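Coordinate inspection notes
Residue-level listing of the chains:
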Amino acid sequence: MTPQQTRERKPGRARRAIIAGAVALTLSAGGATAWALDRFVVQHVEIADVSAYEASQAGNSTGTTAETATDSTSSTAVTTDTSHVSGSSNISISTVTTGSGDDTVTYYVADVVLDDATTLQSAFANDSFGENITETTSAIAEANNAVFAINGDYYGFRDTGIVIRNGVVFRDEGARQGLAFYRDGTVKVYDETTTTAGQLVAEGVWNTLSFGPSLLDNGEVAEGIEDVEVDTNFGNHSIQGEQPRTAVGIIDDNHLVFVVVDGRSPGYSAGVTMTGLADIMQGLGATTAYNIDGGGSSTMYFNGSLVNNPLGANKERGTSDILYIGG
């Protein structure tokens, strides 16, 4: 575990509605309610056109490798209901169900092999960077012509963490244990508080996630992952127990595995504990694995459709970002 033993948890739509309603009813109370509205509801847009910003920061080269690969292989790509093979990526989707009755767990696995690490890209809701800006994973994926996508780390709920996306720095506020994807295909868990975004980019980092915790250390289940506590900000709740989850695992250079576990749906999928998630990743052959945003945000998208069934309601919750592979 890193020194960071807490992480923020965003409120869902229902909580946002409650907060907004409470603020409307008690606006005269001032400070606290105004803070809640500003903190959880009001959009704070720092960069309104991320695509243009990335191009300007990277000298019009950001995403070139992945876009060129997509352009040159799209005509030869072969896509089925559960697979996609092109010159830049090989994606295989599978469904796993274990247990029975109320203990049933259903999860979805995407085994991904990339020709080039930069084929895995990131995109923000509304192509904007800031706080409380949300769209569904599917909407962001469709806007970016993605063949595959998962929800990201919901960076937009907080103002801390190192955020590097598609080789461009968006935030440099180290606070917790992060995950760094390098241009050479390696992926590493790191302590954000011991480095800077600029140093990471100089070392070849392409994307970062700021969430956690790390699930596996050298292939073994990490210690203490069931003791991760949530801070006491209004609207947060525990991430302990059986929950919907999303995780990224690393099998080898440019060989990744993405897992989305559905939950809170007795008879369909109860969800898993953090240790249960680590066990899944270990069983898939990952040596490094990292937990990212879960709950109603846990979403996998493939070839124009939602793969999983969020909260058993087949309805996505908005999120601030995705990881995706172009079609």
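Residues numbered from 1 in each chain as written. Predicted model: local features only at pLDDT ≥ 70, side-chain atom pairs only at ≥ 80, totals over all residues. Heavy atoms only, no water.

The name given to the protein chain in an unreviewed UniProt entry is Exopolysaccharide biosynthesis protein, with Pseudarthrobacter oxydans as the source organism.

**Topic: the nonpolar core**
One finds Phe148, Ile150, Phe181 and Phe258 to be the most contacted residues of the largest nonpolar core, which totals 26 residues. The element best represented in this core is strand E6 (residues 105-114), accounting for 4 residues. Excluding residues that lie within four positions of it along the chain, Phe181 makes contacts with Leu120, Thr186, Val187, Gly204, Val205, Trp206, Asn207, Leu209, Val248, Leu256 and Leu323. In this structure, Tyr107, Leu216, Ile225 and Ala289 belong to the second largest nonpolar core, which totals 19 residues. (Core = buried A, V, L, I, M, F, W, Y, C linked by side-chain atoms within 4.5 Å. Buried < 20%, exposed > 50% of the residue type's maximum accessible area, 1.4 Å probe, protein only. Helix = DSSP H or I, 4+ residues; strand = E, 2+ residues; numbered from the N terminus. Contact = heavy atoms within 4.5 Å.)

**Overview of unusual backbone geometry**
Excluding glycine, residues mostly have negative phi values, and the peptide bonds linking residues are mostly trans. In this structure, the amide linkage connecting Gly212 to the following residue, Pro213, adopts the cis form with an omega of 10°. Counting through the fold element by element, Pro213 comes out in the loop between strand E14 (205-210) and strand E15 (214-217). The phi angle at Asp127 is positive, at roughly 50°, despite the residue not being glycine. Tracing the backbone shows Asp127 in the loop between strand E7 (120-124) and strand E8 (129-131).

**Quick notes on the sheet that holds strand E13 (residues 187-191)**
Ordered in space as E13-E12-E14, the 3 strands form an open sheet in which the pairing is antiparallel. Each edge of the open sheet carries a strand with a single partner, namely E13 and E14. Going across the sheet, the axis of each strand differs from the next one's by a mean of 30°, ignoring polarity. Pairing geometry for strand E12 (residues 177-182) and E14, over 5 bridges, is antiparallel. What sits directly across from Ala180, in E14, is Thr208. (Pairing = 2+ DSSP bridges. Axes fitted to C-alpha atoms, helices over the stretch in contact; angles between N-to-C directions.)

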